[in-house]
Amino acid sequence: MFLHAENYKAAIEELIKGSKKLDVAVAFWGKGAEGFIPDSGKSIRIVCNLRSGGTNPFVIKSLMKCEGIEIRNLDVLHAKLVLGSKAAILGSANFSANGLNFEGDDELKGWQEAGLRVDAPEQLKSMRDWFGTQWAEAVVITTGMLKEAKEVELPSFLPLAERLKTVPNGTD
C-alpha cells in the first residue's frame, strides 16, 4: 500500500499496535517520538543515528528507560524502516515533528513524505536480513554518546533559558 502525508502516521501506528515485536531503523528522532513508541514491554529494537545532530538525545534517553526497548547507534544510518511481525513500512519519514507531524502543527503539513507498507513474505525476509546487519554493526548507546549528542545540537534541544546560558552575555 502506498503511504503519503494523509495516511503515513496512521499506518505506522497500526503497525506498531498490531506487532508483538518491532525492529525500527529510523535515522532521526525528534520531540514527540517517545510517545509514539509504546512503553508496553513489547520487544523493540531501534537503530538510530544519534551523533549526526539530527536526533534529539532527550528522546533517545527517554526511550532507553522503557521496558523491552533496546537502542543502538549507527553513524551512517539514513534509512526509515519499521518492521513488524507481519508487515513493514519503508519510506521517507523520520520519527520527528517534521517527518510525522507529531505536534499537529499546520506549518508542517507542507512536508510531503512517502512510503510503502509491505507484507510480502520474501520482502519481509529481505528486510529482516538487512535490519540484522544494521543491528550487528550498530553500537550500544552510552551515557557519553548521549552527552556528546547534546553538545552537537545543544541549542535546538534545550529550553530557551538553558540555551541563553550557552551564549555570551545571554544574547543571541
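Placed above this text is the structure.
The text that follows walks through the structure, step by step, so that each part is easy to find. Everything numeric in this text was worked out from a predicted model, so none of it was measured. (Residues numbered from 1 in each chain as written. Predicted model: local features only at pLDDT ≥ 70, side-chain atom pairs only at ≥ 80, totals over all residues. Heavy atoms only, no water.)

**A short note on the overall build of the protein chain**
Secondary structure summary: the protein chain contains 8 helices and 8 strands in total. Taking all contacts inside the protein chain whose residues are at least 6 apart in sequence as the whole, residues at least 24 apart take part in 73%. For the protein chain, the exposed surface amounts to about 9300 Å²; the carbon and sulfur share of it is 53%. (Helix = DSSP H or I, 4+ residues; strand = E, 2+ residues; numbered from the N terminus. Contact = heavy atoms within 4.5 Å. Areas by Shrake-Rupley, 256 points an atom, 1.4 Å probe, with all protein chains shown as cover.)

**Some remarks on helix α1 (residues 8–17)**
Those residues of α1 not exposed but buried are Y8, A11, I12, L15 and I16. With its buried residues spanning 135 degrees around the axis, α1 presents them on a single face. Exposed side of α1, more than 90 degrees from the buried face: E14 and K17 are the residues found there. (Buried < 20%, exposed > 50% of the residue type's maximum accessible area, 1.4 Å probe, protein only. Arc of directions from axis to C-beta.)

**Points about the side chain of R72**
When you line up the elements, R72 lands in strand β4 (residues 69–73). One buried charged residue, R72, forms no salt bridge at all, with the nearest opposite charge on E70 at 4.9 Å. Residues in contact with R72, not counting those within four places in the same chain, are I46, V47, C48, W135, A136, A138, V139, V140 and I141. (Lys, Arg positive; Asp, Glu negative; His and termini not counted. Salt bridge = Lys/Arg side-chain N within 4 Å of Asp/Glu carboxyl O.)

**Structural notes on the sheet that holds strand β8 (residues 139–140)**
Taken in spatial order, the 8 strands make up an open sheet running β1-β7-β6-β5-β2-β3-β4-β8, and their pairing is mixed. Each having just a single partner strand, β1 (2–3) and β8 make up the two edges of the open sheet. One ladder, built from 4 bridges, connects strand β2 (residues 21–26) with strand β5 (residues 80–83); its direction is antiparallel. Paired with A25 across the two strands is L81, which belongs to β5. Contacting β1, β2, β5, β6 (88–91) and β7 (115–118), α1 crosses the sheet at an angle of about 150 degrees to β6. (Pairing = 2+ DSSP bridges. Axes fitted to C-alpha atoms, helices over the stretch in contact; angles between N-to-C directions.)

**With respect to the nonpolar core**
Judged by nonpolar contacts, the single largest core of 32 residues is most densely connected at W29 and F95. Counting only elements with at least two residues in this core, the list comes to α1, β2, α2 (33–36), β3 (43–48), α3 (57–64), β4 and α6 (143–152). Per-element accounting of this core gives the leading share, 5 residues, to α1. (Core = buried A, V, L, I, M, F, W, Y, C linked by side-chain atoms within 4.5 Å.)

**A look at the pairing of β7**
As judged from the 2 bridges shared by β1 and β7, these two strands associate in the antiparallel manner. Residue pairing for β7: L3 is matched across the bridge by G115. As defined by bridge partners, β6 adjoins β7 across 4 bridges and the pair is classed as antiparallel. By the bridge assignment, I89 is partnered in β7 with R117.

**Topic: the environment of S96**
Along the chain, the position of S96 falls in the loop between β6 and α4 (97–100). Residue S96 is classed as buried on the basis of its relative accessible area of 13%.

**Quick word on the pairing of β3**
Within β3, 5 of the 6 residues are buried, leaving the element largely enclosed by the surrounding structure. Sheet analysis places β2 next to β3, joined by 5 bridges and oriented parallel. Counterpart to K21 in the pairing with β3 is S43. Relative to β4, β3 is paired through 5 bridges, and the arrangement is parallel. For R45, the partnering residue across the bridge sits in β4 and is E70. Between the parallel elements β3 and β4, the chain passes through α3 in a crossover that is right-handed. (Right-handed = clockwise from strand over helix to strand, strands pointing away.)

**Focus: the environment of E13**
Looking at the secondary structure, you find E13 in helix α1. Measuring from C-alpha to C-alpha, the distance between E13 and F36 comes to 7.6 Å, with 23 residues separating the pair along the chain.

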